[in-house]
Amino acid sequence: MSNNNNNTNIMNNYNCNITANLSCWLYDVTTTHANITTNMTPTVAAIITTTRKPPLLSYETKVILEYIIHIGMFYTTAVFGIVVNVINIIVYKKQGLKDSISIGLFALSVSDLFISGLPIETATCYALKFIYPDSNINFVSVHYVHSSWSRRMFYSLSCMITTMLSLERCLCVIMPFHVKVIFTKSRTGIIIISLIIIHVLCFVPIFATHRLQWEDSTSENGSRSLKLRFAPHRAMIENFNSTFMAIITPTLAQVIVTCCAAVMVHGLRQASKFRQAVTSGTMQNETKVDKLNDDAALPNDAKQQTITLSPRDARLVRTMVFIVAILSACNIPYLIMTYAILLVHDLNMQRAYHNTYSLIFSINYVLSNLNASLNFFIYYNTSTKYREVFDQTFSCRRSVKE
């Protein structure tokens, strides 16, 4: 009974401290999730201790794994992602932005370039924290302000661009006669610009309600320390952003791309069966003249069903299927963690399973970096035009004409 009373008193004191901090214009980062990798406050440490729930992952193991992931894997995936996305941008620029799919893939490469580049700052901040553990600069807070939310914004943007491209290729399978009328070059550009504006508007309040600030230290040496400060209404803004951009948007995008992928795979199978039927001779009894006459007599809906995907459309559909597969492989673990946080109260920052949460978050960070880097291999292996432009631009082996 005494333990329960102590727990209740600790929780009440903690809630009072949070309320008092939120009533001020600025409150210290040690009461918020921004300090997830620094020392926890005594109050929070007491809460976790008195709950008597054994952690799923020890703090020491978590720190070691985080340094391996944040320094080693972040630098590797970031440099690789920057290189391949710059190549994608150059190739699509030289190839020409002539249709909706090329514009979409170009925009996706630009967004993926930012996703790949921002982890360099994260890795650098963690490296500096490892080298200077007693520094008066909170390097994790620097990463939090400059790159953490920016990367989340571009990741969400890439998901929505991929969703738009999936819808376009899905309509290409369902309505091959109408897709070019629906997704014109200008409309695709307007949709992408609209997505960018929506994401910027959603994240501007986040960027406007946190900042780094030099303050005098309470120690006797009178040194100054760099601290992270928040506006009082930050909690409300972050809750809205997290609900809309971290739960609703990725869930909706995942459902849409999964349905589109199923339709595209079905379309590819039907196209493959049609080609096999033609080459096997089952349709050789129909002459070209008879087929033209039959097609002319069919209504538009029946014509649409008899026409299969062109080789180019089939390659583009195949490209999108692979892109959606990579996105799903990287996005589904993130969604699982997001819903696990909603269901498991202690799986969150500064709670009993804080170490496990922090490690899973870091792994999802790496998955998002991989998602932004692997499209290059899809483009090169599924697009003949991309491969030709790439070989002409970057290959050491030049053609005979050159």
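Here the structure is a predicted model, which means the values were calculated and not measured. (Residues numbered from 1 in each chain as written. Predicted model: local features only at pLDDT ≥ 70, side-chain atom pairs only at ≥ 80, totals over all residues. Heavy atoms only, no water.)

**Student:** For empty space enclosed by the protein, give the residues involved together with the corresponding values.
**Tutor:** By the definition in use, this model includes one cavity of 30 Å³ or more. Taken as a whole, the largest cavity encloses approximately 50 Å³ of empty space. As for the largest cavity, its lining consists of Leu108, Asp112, Ser158, Thr162, Ile323, Leu327, Asn371 and Asn375. Broken down by secondary-structure element, the contributors of at least two residues to the lining of the largest cavity are α4 (100–117), α6 (139–174) and α12 (311–343). Broken down by class, the residue content of the lining of the largest cavity amounts to three nonpolar, four polar and one charged. (1 Å grid on protein atoms, 1.4 Å probe; cavity = no way out; pocket = protein on both sides within 12 Å on 5 of 7 lines; lining within 4 Å. Points joined across faces, edges and corners; volume = space filled by probe spheres on them. Helix = DSSP H or I, 4+ residues; strand = E, 2+ residues; numbered from the N terminus. Nonpolar A, V, L, I, M, F, W, Y, C, P; charged D, E, K, R; others polar.)

**Student:** Explain the environment of Asp391 residue by residue, including any values.
**Tutor:** Topologically, Asp391 is positioned in helix α15 (residues 384–394). What makes Asp391 partly exposed here is its relative accessible area of 28%. (Buried < 20%, exposed > 50% of the residue type's maximum accessible area, 1.4 Å probe, protein only.)

**Student:** A description of the confidence of the model for the protein chain should follow, citing residues and the corresponding values.
**Tutor:** On average, residues of the protein chain score 76 in pLDDT, and 73% of them are at 70 or above. Taken element by element, the predicted model of the protein chain shows its lowest mean pLDDT in strand β1 (residues 27–28) (34) and its highest in helix α8 (residues 185–208) (94). In this model, residues 286–307 is a region of pLDDT below 50 whose contacts with residues beyond four sequence positions or in other chains number 15 contacts. Note on residues 397–402: pLDDT is under 50 here. Beyond four places in sequence and across chains, it has three contacts. (pLDDT = per-residue confidence, 0-100. Contact = heavy atoms within 4.5 Å.)

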